[in-house]
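Chains, contacts and geometry: an overview
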Amino acid sequence: MCRSSKSIVSERRNEVKVSVIIPTYKDIQALELIFESLKKQTYKDFEVVIAEDDNSDEVVRFLKQAQTFFPIKHVSQEDIGWRKTRAMNQAIKKAEGEYLIYFDGDCLPYQTFIENHVSLSDPMSVLCGRRVNLGDGITVALRQKKISVIEIESSYLKWWKKLKRDGARHIEQGLDLLTILPRVVFDAFNGKTRLVGCNFSLYKQKMIDINGFDESYPSGDIADDVDIEWRLNAIGVNNKSCKFAANLLHLNHARKERKTQHDKNFALMMEKQKKNQIRCLNGIEKEG
């Protein structure tokens with residue numbers, strides 16, 4: 001008989017110290033909702049590192065009030081344009097956990113989010129997850145605390161039609177199959193997937209091996225996912241899916257046009273690949 005994910009993670013519960021790294025920029029309301037979800041995590045051995053691409057007094061005050069719930073670290077910097085990768089590299093330096101979990105500052109984790117990342121982890125894999133993109137109505141209800149993440153995740157199938165009516169996308173990504181399927185079946189079903197920056201995890205040493213995020217990209221598209229993915233793959237770290245397990249709800253917001261910046265950054269990445277710049281020059285450490 002296959003052991004459940006619960007029994008597997010209980011054996012490892014005190015073996016892996018986790019650092020959860022969350023980039024944020026001028027959304028204290030979302031950060032507060034994230035912390036409410038983190039307080040309810042089933043996996044307890046973690047710290048939170050806030051990577052702020054700003055130096056807001058409001059964030060400092062909020063984090064001081066939240067210190068009693070779990071260990072918190074905070075890195076910040078002057079707001080002089082997009083420098084998310086720099087903040088993320090500073091967060092890696094601050095992180096004390098051997099295992100790093102990344103998710104965006106507009107995403108709310110299920111209470112099993114950290115537990116399922118740890119349960120699926122292995123030293124030569126980067127876990128790649130996804131998120132449910134919520135519609136406006138449920139986003140507003142969450143922000144106003146009329147509903148909670150736990151209400152949605154605990155009866156997700158009942159919420160399915162409400163999510164669909166509200167215009168949510170990728171609703172299937174809110175299903176937690178790891179808790180109901182034998183592990184061997186889940187692994188066979190889930191396979192591999194591409195890395196996206198809003199939800200991934202790996203051992204800290206692997207990020208150090210590639211020198212972290214490449215700060216030479218002028219904007220966000222590609223810099224915090226596609227570029228990380230190819231460099232990790234180049235050192236033998238394989239993509240492994242944690243979809244349908246490590247689940248997030250993404251708060252809806254207006255989106256900027258990204259094709260132009262994507263094309264520019266993609267061309268820059270192609271140049272780096274031709275030069276075989278697996279360990280970036282402008283990362284955690286500044287080289288060259």
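Our structure is the block above this text.
Not measured: the values here are computed from a predicted model.

A closer look at the pairing of strand β4 (residues 99–103)
When a strand is regular, its side chains alternate between the sheet's two faces. Burial analysis of β4 places five of its five residues in the buried class, which makes it a mostly covered element. Burial along β4 is two-sided: the face carrying Tyr-99, Ile-101 and Phe-103 and the face carrying Leu-100 and Tyr-102 are both buried. In this sheet, strand β8 (residues 199–203) lies alongside β4 in antiparallel orientation, the contact comprising five bridges. Residue pairing in the sheet places Ile-101 in a bridge with Ser-201 of β8.

As for the side chain of Lys-73
As for its position among the elements, Lys-73 is in strand β3 (residues 72–75). By relative accessible area, Lys-73 is classed as buried at 17%. The contacts of Lys-73, once residues within four sequence positions are left out, are Glu-47, Val-48, Val-49, Ile-50, Lys-94 and Glu-96.

Structural notes on the environment of Asp-122
Position of Asp-122 relative to the elements: it lies in the loop between α5 (113–120) and β6 (125–128). A relative accessible area of 24% places Asp-122 in the partly exposed class. If near-sequence neighbours (up to four positions away) are discounted, Asp-122 is found in contact with Tyr-203 and Lys-240. A polar side-chain atom of Asp-122 sits 3.0 Å from the main-chain amide nitrogen of Met-124. Within the local environment of Asp-122, its side chain forms a polar contact with the side chain of Ser-125, the two groups lying 2.9 Å apart.

Description of the packing of helix α11 (residues 226–234) against helix α12 (residues 259–274)
Where α11 contacts α12, the two axes come as close as 11 Å, and the packing angle between them is 15 degrees. Overall, the two elements α11 and α12 adopt an arrangement that is roughly parallel. α11 and α12 meet at a crossing whose hand is right-handed. Facing Val-226, Asp-227 and Trp-230 of α11, the residues of α12 in contact are Met-269, Lys-272 and Gln-273.

Procedures and definitions
Residues numbered from 1 in each chain as written. Predicted model: local features only at pLDDT ≥ 70, side-chain atom pairs only at ≥ 80, totals over all residues. Heavy atoms only, no water. Buried < 20%, exposed > 50% of the residue type's maximum accessible area, 1.4 Å probe, protein only. Helix = DSSP H or I, 4+ residues; strand = E, 2+ residues; numbered from the N terminus. Pairing = 2+ DSSP bridges. Contact = heavy atoms within 4.5 Å. Polar contact = N/O pair within 3.5 Å; in protein donor to acceptor, adjacent residues only side chain to side chain. Axes fitted to C-alpha atoms, helices over the stretch in contact; angles between N-to-C directions. Parallel < 35°, antiparallel > 145°, perpendicular 65-115°, else oblique. Left-handed = near helix turned anticlockwise from the far one by under 90°.

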